[in-house]
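Summary of structural features
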Amino acid sequence: DTAVSQTPKYLVTQMGNDKSIKCEQNLGHDTMYWYKQDSKKFLKIMFSYNNKELIINETVPNRFSPKSPDKAHLNLHINSLELGDSAVYFCATGTSGSTDTQYFGPGTRLTVL
Amino acid sequence: SQQGEEDPQALSIQEGENATMNCSYKTSINNLQWYRQNSGRGLVHLILIRSNEREKHSGRLRVTLDTSKKSSSLLITASRAADTASYFCASLSRGNMLTFGGGTRLMVKP
């Protein structure tokens, strides 16, 4: 079974649209994350979320919002998509505490036309 | 500039050679982690070194940490073609969020 899964794998859409990327984990981890990887392979944290706290990287536009229907899911909703939103988005999970390591999903390649 | 900058940005070696990648970071850390990313895939955790450790080994991987210089290195010994990937260092910050460097693209030629 895939530990961290994301859907869709590819997403092509027009500017101005609203889209969501889904993330599911079966590791029982208490914290989930979203990262953005740009065309130069730079990875940037966007959000950290557990059932107590949402931490937002201050550089993330408020068009981006994480939504968690339950502990196993953290979806990323994006409003009014812009060309600069084109990137690969990775979901990750982890447990706060001794290990601090994170487990990444396979990524969703978003292309905004 | 980015926290956790890697050097070199790209490295090409022959199979069997050792590969060394360096990473620098700016803020104080609890630990520093190295991840690997195969082309078109997600990141996979390789090794973690805590701020009170200076060196750590895992199989063919050796990581060092110099907190006085805010730098770390990852050594892959006896490289294999399958080691071809991008390697990222990452430091842990508020909310357990990882701050990644720009990565080193390693190519191991058979």
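Refer to the structure above for everything that follows.
Reference entry: report on the structure contained in this document. (Residues numbered from 1 in each chain as written. Chains lettered and ligands numbered in written order. Predicted model: local features only at pLDDT ≥ 70, side-chain atom pairs only at ≥ 80, totals over all residues. Heavy atoms only, no water.)

Examining the overall build of chain A
- The number of helices and strands found in chain A is 0 helices and 11 strands.
- Shown N-terminal to C-terminal, the secondary structure of chain A runs as helices and strands in the order β-β-β-β-β-β-β-β-β-β-β.
- For 113 residues, the compact-globule estimate of 2.2 N^0.38 gives 13 Å, and chain A sits close to it at 13 Å.
- Each principal axis of the C-alpha atoms in chain A carries an extent, and together these give about 40 × 30 × 30 Å. (Helix = DSSP H or I, 4+ residues; strand = E, 2+ residues; numbered from the N terminus. Rg over C-alpha atoms; globule rule 2.2 N^0.38 Å.)

Overview of the layout of surface pockets
- In this structure, the largest pocket spans a volume of roughly 400 Å³.
- What lines the largest pocket is a set of 24 residues, among which Gln37, Lys41, Val88 and Arg109 of chain A together with Gly40 of chain B lie closest to the centre.
- Sorting the residues of the lining of the largest pocket by element identifies strand 9 (87-94) and strand 11 (108-112) of chain A together with strand 9 (85-93) of chain B as the ones contributing at least two each.
- Of all the elements, strand 11 of chain A adds the most residues to the lining of the largest pocket, at 4 residues.
- When its residues are assigned to classes, the lining of the largest pocket shows 7 nonpolar, 11 polar and 6 charged. (1 Å grid on protein atoms, 1.4 Å probe; cavity = no way out; pocket = protein on both sides within 12 Å on 5 of 7 lines; lining within 4 Å. Points joined across faces, edges and corners; volume = space filled by probe spheres on them. Nonpolar A, V, L, I, M, F, W, Y, C, P; charged D, E, K, R; others polar.)

Considerations on the interface of chain A and chain B
- Listed as interface residues are 24 residues of chain A and, on the opposing side, 21 residues of chain B.
- When chain A packs against chain B, the two sides together hide about 1800 Å² of surface, and 55% of this comes from carbon and sulfur.
- Across the chain A-chain B interface, the total number found is 0 salt bridges.
- Here chain A and chain B share 3 residue pairs in polar contact (both at pLDDT 80 or more) between them.
- At the level of elements, strand 4 (31-37), strand 5 (43-50), strand 6 (54-56) and strand 10 (102-104) of chain A are the ones that each hand at least two residues to the side of chain A that touches chain B.
- Tallied by class, the residues present in the side of chain A that touches chain B amount to 11 nonpolar, 10 polar and 3 charged. (Contact = heavy atoms within 4.5 Å. Buried area = accessible area lost by both parts, 1.4 Å probe. Salt bridge = Lys/Arg side-chain N within 4 Å of Asp/Glu carboxyl O. Polar contact = N/O pair within 3.5 Å; in protein donor to acceptor, adjacent residues only side chain to side chain.)

Focus on the sheet that holds strand 8 (residues 71-76) of chain B
Residue and element names in this part refer to chain B.
- If you trace the 5 strands from one edge of the open sheet to the other, you get 1-3-8-7-6, paired in antiparallel fashion. On the outer flanks of this sheet lie strand 1 (5-7) and strand 6 (55-58), each paired with one strand and no other. Taken pair by pair, the neighbouring strands of this sheet meet at an average axis angle of 20°, ignoring direction.
- Looking at chain direction, strand 1 and strand 3 (residues 19-24) are connected through 3 bridges and run antiparallel. Bridge pairing links Glu5 to Ser24 in strand 3. (Pairing = 2+ DSSP bridges. Axes fitted to C-alpha atoms, helices over the stretch in contact; angles between N-to-C directions.)

Examining the pattern of salt bridges
- Summed over all chains, the structure comprises 5 salt bridges over all chains.
- A salt bridge links Arg63 of chain A to Asp85 of chain A; the shortest N-O distance between them is 2.8 Å. Of the two residues, Arg63 of chain A is situated in the loop between strand 6 and strand 7 (64-67) and Asp85 of chain A in the loop between strand 8 (75-78) and strand 9; the sequence distance between them amounts to 22 residues. There is no split in this pair, since Arg63 of chain A and Asp85 of chain A are both buried.
- For Asp83 of chain B, the salt bridge goes to Arg36 of chain B, with nearest N and O atoms at 4.0 Å. Here Arg36 of chain B lies in strand 4 (residues 31-37) and Asp83 of chain B lies in the loop between strand 8 and strand 9, a separation of 47 residues in the sequence.
- By relative accessible area, Arg36 of chain B is classed as buried at 17%.
- Because the salt bridges share partners, they merge into one network encompassing Arg63, Glu82 and Asp85 of chain A. (Buried < 20%, exposed > 50% of the residue type's maximum accessible area, 1.4 Å probe, protein only.)

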